[in-house]
Amino acid sequence: MIDFGLVDAVDGEAIGQPGRRTFRLRARSGDQYAALWMEKESLAALGRSFSTLLAERSRRRGRPAEPVEEMGPFPQHPQVEIQVARLGLDWDGQEEQIVILADDAVALDRGDSPSFRMAIHRGQALRAIRQFQDVVSAGRPIC
């Protein structure tokens with residue numbers, strides 16, 4: 001398993017023209033970068049899941065969010081690239097962090113699950129919720 005721990009920056013991105021776009025969750029941990037490729041609907045659902053987790057479990061609900069670091073330049077070939085076949089979330093209540101777990105098809109077939117793990121803090125999740133909505137809504141509407 002690749003474990004990025006608590007990442008420094010996270011965001012979502014769409015690449016290409018509307019109708020032919022591909023979507024990915026991008027993460028940076030130190031000098032390591034990861035791209036988790038997923039469907040448009042999966043990125044939208046991930047934002048909704050962040051919102052639900054924070055609403056149901058965060059003790060800091062309604063308080064200002066901690067500062068969020070920008071992604072900055074993202075390499076053309078990150079160290080980790082995963083075509084997500086399964087995505088899961090967990091909540092670390094003590095640290096107020098969302099844990100993201102991802103598998104690709106090969107890891108699922110081998111039973112090596114999860115193949116990737118990272119955590120984001122509350123401020124990153126709140127920013128990602130809005131940013132994912134913007135990325136998804138910038139293209140053509142969901143059919």
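Residues numbered from 1 in each chain as written. Predicted model: local features only at pLDDT ≥ 70, side-chain atom pairs only at ≥ 80, totals over all residues. Heavy atoms only, no water.

S.K.: Help me out: how do you make sense of the nonpolar core in this one?
M.R.: Across soluble globular proteins, you tend to see nonpolar side chains buried next to one another. Within the largest apolar cluster, 31 residues are counted, with the highest numbers of intra-cluster contacts made by Leu25, Leu36, Phe50, Ile98, Phe116, Met118 and Ile120. Elements with a contribution of two residues or more to this core: strand 3 (22-29), strand 4 (32-38), helix 1 (40-57), strand 5 (80-83), strand 7 (97-103), strand 8 (116-121) and helix 3 (122-137). Look past the residues within four positions of Ile98 in its chain and what remains in contact with it is Phe50, Leu53, Leu54, Leu89, Asp90, Trp91, Met118, Ala119, Ile120 and Ala125. (Core = buried A, V, L, I, M, F, W, Y, C linked by side-chain atoms within 4.5 Å. Buried < 20%, exposed > 50% of the residue type's maximum accessible area, 1.4 Å probe, protein only. Helix = DSSP H or I, 4+ residues; strand = E, 2+ residues; numbered from the N terminus. Contact = heavy atoms within 4.5 Å.)

S.K.: How should the pairing of strand 4 be read in this particular structure?
M.R.: For a regular strand, the rule is simple: side chains alternate between the two faces of the sheet. Burial within strand 4 is extensive, with 6 of its 7 residues counted as buried. Counted between consecutive antiparallel strands, the loop separating strand 3 from strand 4 contains 2 residues, among which Gly30 sits at a positive phi close to 65°. Relative to strand 5, strand 4 is paired through 4 bridges, and the arrangement is parallel. Bridge pairing links Trp37 to Gln83 in strand 5. The handedness of the strand 4 to strand 5 crossover, carried by helix 1, is left-handed. (Pairing = 2+ DSSP bridges. Right-handed = clockwise from strand over helix to strand, strands pointing away.)

S.K.: So what exactly am I meant to see when it comes to the pattern of salt bridges here?
M.R.: Side chains bearing opposite charge may pair, as long as their charged atoms lie close to each other. Tallied over the entire structure, the rule returns 11 salt bridges. A salt bridge links Glu96 to Arg59, with the nearest nitrogen and oxygen atoms 3.7 Å apart. Placement of the pair is Glu96 in the loop between strand 6 (86-92) and strand 7 and Arg59 in the loop between helix 1 and strand 5, with a sequence separation of 37 residues. When the shortest N-O distance is used, the salt bridge between Arg122 and Glu66 registers 4.0 Å. With a gap of 56 residues between them, Arg122 in helix 3 and Glu66 in the loop between helix 1 and strand 5 connect regions that are remote in the sequence. Connected through salt bridges with shared partners, the residues Asp11, Glu13, Arg24 and Arg26 form a single ionic network. (Salt bridge = Lys/Arg side-chain N within 4 Å of Asp/Glu carboxyl O.)

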